[in-house]
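Per-entry structural report
Listed below are the residues making up each chain.
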Amino acid sequence: MPSAVFVDGTVRDLLAARDIILTPIELTDIHGFKCIGVAERVPEISHSISSQVHVWHVTEDLYPVTESEVERWLVDAPSGKHWILSEREFDPSLFDDSESVSYTHLTLPTILLV
């Protein structure tokens, strides 16, 4: 099982290969959601020229991300656009009402082969 530091570094490298650079940000973990940086723009998420996107990583666990975890994160997350990269199962319908949050489920083969 890879460590969160390995996954964060791998995600940074994959994004950098697509000319998406993450700028570190001083945010602590928010209920299991770790902000690994802010991208100036992520084409799949934002079509505007300069629309910063907070990129979050949720590490692997036995259980799926719960609705209450998402609600707690939504309360504490900064305003703006967000991209959540989760190693845990996740019900994307939890964000149906939000145009500012995108979700991607990561698995080890996805991280290593993309």
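Quick look at unusual backbone geometry
- The phi torsion at aspartate 19 lies on the positive side, around 65°, for a residue other than glycine.
- Considering the arrangement of structural elements, one finds aspartate 19 in the loop between helix 1 (4–17) and strand 1 (22–23).
- A relative accessible area of 70% places aspartate 19 in the exposed class.
- Here histidine 31, not a glycine, exhibits a phi torsion of approximately 50°, which is positive.
- Relative to the helices and strands, histidine 31 is located in the loop between strand 1 and strand 2 (33–39).
- Under the relative-accessibility criterion, histidine 31 is labelled partly exposed at 34%.

Description of the packing of aromatic side chains
- Per the stated rule, a full pass over the model turns up 3 aromatic pairs.
- Centroid distance phenylalanine 33 to tryptophan 73: 5.2 Å. Interplanar angle 20°. Geometry classified as stacked. Taken together, the residues span a long stretch of sequence, with phenylalanine 33 in strand 2 and tryptophan 73 in helix 2 (residues 67–76) at a distance of 40 residues.
- Of the residues examined, phenylalanine 33 reaches a relative accessible area of 1% and is grouped as buried.
- Between phenylalanine 33 and phenylalanine 90 the ring centres are 6.5 Å apart and the planes differ by 85°, which places this aromatic pair in the edge-to-face class. Of this pair, phenylalanine 33 sits in strand 2 while phenylalanine 90 sits in the loop between strand 4 (81–86) and strand 5 (101–105), placing them 57 residues apart in sequence.
- These aromatic residues form a ring-pair network of at least three members: Phe33, Trp56, Trp73 and Phe90.

Things to note about the pairing of strand 3 (residues 53–58)
- Judged by how many residues are buried, strand 3 sits mostly within the fold: 6 of 6 residues are covered.
- Burial along strand 3 is two-sided: Val53, Val55 and His57 facing one way and His54, Trp56 and Val58 facing the other are all buried.
- Pairing geometry for strand 2 and strand 3, over 6 bridges, is antiparallel. Looking at the pairing, cysteine 35 lines up with tryptophan 56 of strand 3.
- With 6 bridges joining them, strand 3 and strand 4 adopt parallel strand pairing. Within the sheet, the bridge partner assigned to histidine 57 lies in strand 4 and is leucine 85.

Some remarks on the sheet that holds strand 3
- Taken together, 5 strands build an open sheet; the order of strands is 1-2-3-4-5 and the sheet is mixed. Pairing within the sheet leaves two strands with one partner each, and these edge strands are strand 1 and strand 5.
- Here strand 1 pairs with strand 2 via 2 bridges, running antiparallel. Following the sheet pairing, threonine 23 is matched in strand 2 by valine 38.

Focus on the side chain of arginine 88
- Here arginine 88 shows up in the loop between strand 4 and strand 5.
- Residue class for arginine 88 comes out buried when judged on its relative accessible area of 8%.
- Only 2.9 Å separates the side chain of arginine 88 from the backbone oxygen of tyrosine 63, close enough to count as a polar contact.
- Those residues in contact with arginine 88, other than ones at most four positions away along the chain, are Val58, Thr59, Glu60, Asp61, Tyr63, Pro64, Val65, Glu69, Tyr103 and His105.

Analysis parameters
- Residues numbered from 1 in each chain as written.
- Predicted model: local features only at pLDDT ≥ 70, side-chain atom pairs only at ≥ 80, totals over all residues.
- Heavy atoms only, no water.
- Helix = DSSP H or I, 4+ residues; strand = E, 2+ residues; numbered from the N terminus.
- Buried < 20%, exposed > 50% of the residue type's maximum accessible area, 1.4 Å probe, protein only.
- Phe/Tyr/Trp six-rings, centres within 6.5 Å; stacked < 30°, edge-to-face > 60°.
- Pairing = 2+ DSSP bridges.
- Polar contact = N/O pair within 3.5 Å; in protein donor to acceptor, adjacent residues only side chain to side chain.
- Contact = heavy atoms within 4.5 Å.

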